[in-house]
Amino acid sequence: MIGEVLLDQRVIAGIGNIYKCEALFAAGVDPRTPVAQLDSRALEAIYAAAHRLMAASVEGAAPMVGSPRRDHAVYGRTGKPCLRCGSSIACYSLGDPPRWTWSCPICQPATPLSRR
Ligand SMILES: [Zn+2]
């Protein structure tokens, strides 16, 4: 699942749980999507979103460390309305070791955009 791969430091270094959740929201991808179902365009969108969010954090524009903050779109926002569509943000355990993961069921559909 893409949500696990983004935390695998052998694949890509530096993306923690917060950026995993936020980048997948920005790219509109469900964290439980098998990587094999994602095309290169979707993967590039995910990495670009992670890069943009992490760079903004370094510059102090959008700090994303510590506890959930109001500038997070999904991270730590269980049951709160999605900033884009108003749906309730879902929270579930994902991966091994399990990590809490947040996503929007509408903005991050189980079927990737490219497969619809
Ligand atoms: Zn949404």
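Because the structure is a prediction, the values reported are computed rather than measured.

A.B. asks: I keep staring at the coordination of the zinc ion and nothing clicks. Help me out?
C.D. replies: For the zinc ion, every protein donor is listed as C82 (SG), C85 (SG), C104 (SG) and C107 (SG), and the spread of their distances is 2.2 to 2.4 Å. Around the zinc ion, the four donor atoms sit at angles spanning 99 to 115 degrees, and that spread fits a shape best called tetrahedral. One chain supplies every donor to the zinc ion, and in sequence these donors are spaced C-x2-C-x18-C-x2-C. With C82 in the loop between α3 (40-58) and β1 (90-94) and C107 in the segment after β2 (99-103), this residue pair connects regions lying 25 residues apart in the sequence. Residues C82 and C107 agree in their burial class; the two are buried.

A.B. asks: When you look at the pattern of salt bridges in this model, what are you seeing that I'm missing?
C.D. replies: Pairs can form between side chains of opposite charge whenever their charged atoms are close. Here the structure, examined in full by the defined rule, presents two salt bridges. As a salt-bridge pair, R32 and D30 come within 3.0 Å of each other at their nearest N and O atoms.

A.B. asks: Could you clarify how one ought to interpret the side chain of S103 in this entry?
C.D. replies: Note that S103 resides in strand β2. Among the polar contacts made by the side chain of S103, one reaches the side chain of Y92 at a distance of 2.7 Å. Not counting the four nearest positions on each side in its chain, S103 is found in contact with P31, R32, V74, I89, A90, Y92 and Q108.

A.B. asks: Hey, could you run me through the pairing of β1 in this one?
C.D. replies: Each regular strand shows side chains that alternate between the opposite faces of the sheet. Of the pairings in the sheet, the one linking β1 to β2 comprises five bridges and is antiparallel in character. Residue pairing for β2: S93 is matched across the bridge by W100. Hairpin connection of β1 to β2: four residues between the antiparallel strands, including G95 at a positive phi of 90 degrees.

Procedures and definitions
- Numbering of residues begins from 1 in every chain and follows the order in which that chain's sequence is written.
- Only residues with pLDDT of 70 or above have their local features reported here, since the model is predicted, and side-chain atom pairs are shown and tallied only from 80 upward, although totals for entire chains, interfaces and linings are computed over all residues.
- Just so you know, side-chain values use all the structure's heavy atoms and leave hydrogens and water out.
- Coordination shells were defined by N, O and S atoms within 2.8 Å of each metal, extended to 3.2 Å for Na, K and Ca; water is absent from the atom set, which can make sites look incomplete.
- For a four-donor site, all angles between 85 and 135 degrees give tetrahedral; for four or six donors, opposite pairs above 155 degrees with the remaining angles between 65 and 115 give square planar or octahedral; all remaining cases count as irregular.
- A run of DSSP states H or I qualifies as a helix once it reaches four residues; a run of E qualifies as a strand once it reaches two. Both are numbered from the N-terminal end.
- Under the scheme applied here, a residue whose accessible area is under 20% of the maximum for its type counts as buried, over 50% as exposed, and between as partly exposed, the area being computed with a 1.4 Å probe on protein chains only.
- Should a side-chain nitrogen of Lys or Arg be within 4 Å of a carboxyl oxygen of Asp or Glu, the pair is scored as a salt bridge.
- Under the rule applied, a polar contact is a pair of N or O atoms within 3.5 Å (in protein, one hydrogen donor and one hydrogen acceptor; residues adjacent in sequence only if both atoms are side-chain atoms).
- Contacts are assigned to residue pairs with any non-hydrogen atoms lying within 4.5 Å of each other.
- The rule for pairing is simple: two strands pair if DSSP sees at least two bridges between them.

Just distances and angles here, no functional claims.
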